[in-house]
Amino acid sequence: MTVNISFFKKELKKWYKENHRSFTWRSTTDPWKILLIETLSQQTQLERANDFYKRFIDRYPTPQKMANDSKKEVLKLWSGLGYNNRAIRLHETSKILAKTSFKELYPNFSVLPGVGSYTNSALLSFAYGKKVIAVDTNIKRIFQRFFKVQEKDIDNFIKKNQNLLLRGFDSRDFNQALMDLGSTVCKSKQPKCFSCPLEENCNKFITENNKNQQKFEGSFRQKRGLVLKILLSREKVTKQMIEEELKLNNEVAGEVLDSLVRDGLIEFSRNKFIVINDN
Ligand code: SF4
């Protein structure tokens with residue numbers, strides 16, 4: 001496991017350096033800005049949330065500014081993003097923050113409306129540089145797939161390995177790297193394993209690749225490929241030569257050759273099989 005964690009961190013760091021998505025708020029340590037983007041990006045794609053973030057931060061650069069505005073105005077600015085309850089909770093939060101600072105609430109921001117465990121960790125990591133993993137669905141999915149952890153065991157896994165995972169890795173970069181990898185490569189549906197930096201040691205990828213390989217070994221598809229390879233490398237080949245070379249019985253060799261003839265890849269001419277050459 002330790003070896004896998006080292007590999008995971010090394011490759012993730014390298015990948016993030018070259019592939020990270022750039023957003024202005026990614027370099028801020030202002031907790032209000034972080035809370036804003038985290039609230040806006042819940043159930044919303046980051047690129048879309050970023051457009052709304054620009055409007056919000058322009059109008060409400062501090063919680064006080066939002067607290068002084070009406071709920072109606074906040075909702076108006078929120079319009080088009082959906083899940084309006086988030087806007088209402090954000091407005092309530094701004095009213096609390098207008099009286100009680102982030103500093104006073106640190107490290108427990110969960111007392112703010114709409115701030116759950118993920119947003120609390122995101123604030124600790126992004127605003128205060130604390131060594132915590134902001135566990136969201138992306139991060140859980142990648143851990144489950146790469147380290148082969150069952151869904152029911154994922155929280156324990158993270159708790160047990162958090163220190164090791166974050167050792168020598170800025171927690172802000174770590175969390176953002178997994179966020180980016182989860183949304184662009186290790187997606188919930190159809191992950192792009194062949195462009196993933198973790199592919200070489202990913203449990204999900206290795207298991208599925210082995211299964212596919214096993215399915216292929218001895219399959220009709222594999223036999224067709226082997227026959228075609230022989231025919232491409234020689235001038236003329238008889239059915240008997242195929243049977244002997246690939247240790248196929250008469251019936252199977254016949255089926256494979258017939259299927260290649262039907263597909264127009266080879267033809268039978270003067271008692272020999274040859275690959276059809278269109279030129
Ligand atoms: S190899 Fe595939 S499944 Fe594994 S982490 Fe990468 S994208 Fe996800």
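Residues numbered from 1 in each chain as written. Predicted model: local features only at pLDDT ≥ 70, side-chain atom pairs only at ≥ 80, totals over all residues. Heavy atoms only, no water.

Peer 1: Teacher, can you tell me more about the packing of aromatic side chains here?
Peer 2: Both the distance between ring centres and the angle between the ring planes are used here to describe each pair of aromatic rings. Scanning the model with the defined rule gives 19 aromatic pairs in all. Aromatic side chains Phe194 and Phe205 sit 5.5 Å apart centroid to centroid with 90 degrees between the ring planes, which places their arrangement in the edge-to-face category. Placement of the pair is Phe194 in the loop between helix H11 (171-184) and helix H12 (203-216) and Phe205 in helix H12, with a sequence separation of 11 residues. The exposed category is assigned to Phe194, whose relative accessible area is 70%. Among the residues examined, Phe205 registers a relative accessible area of 12% and is labelled buried. An aromatic cluster of at least three residues, connected via ring pairs, comprises Phe7, Phe8, Phe143, Phe146, Phe147 and Phe157. Over the aromatic face of Phe169 sits the side chain of Lys13, whose NZ or CZ is 5.0 Å from the ring centroid. (Phe/Tyr/Trp six-rings, centres within 6.5 Å; stacked < 30°, edge-to-face > 60°. Helix = DSSP H or I, 4+ residues; strand = E, 2+ residues; numbered from the N terminus. Buried < 20%, exposed > 50% of the residue type's maximum accessible area, 1.4 Å probe, protein only. Lys NZ or Arg CZ within 6 Å of the ring centre and 35° of its normal.)

Peer 1: Explain the nonpolar core here, please?
Peer 2: Looking at soluble globular proteins, one finds that nonpolar side chains tend to be buried together. Within the largest apolar cluster, 37 residues are counted, with the highest numbers of intra-cluster contacts made by Trp32, Leu36, Leu40, Phe56, Met66, Phe102 and Phe109. At the level of elements, helix H2 (31-40), helix H3 (46-59), helix H5 (71-78), helix H6 (85-99), helix H7 (102-105) and helix H8 (117-128) are the ones that each hand at least two residues to this core. Contacts of Leu36, omitting those with residues within four sequence positions, involve Tyr53, Phe56, Ile57, Tyr60, Met66 and Leu90. (Core = buried A, V, L, I, M, F, W, Y, C linked by side-chain atoms within 4.5 Å. Contact = heavy atoms within 4.5 Å.)

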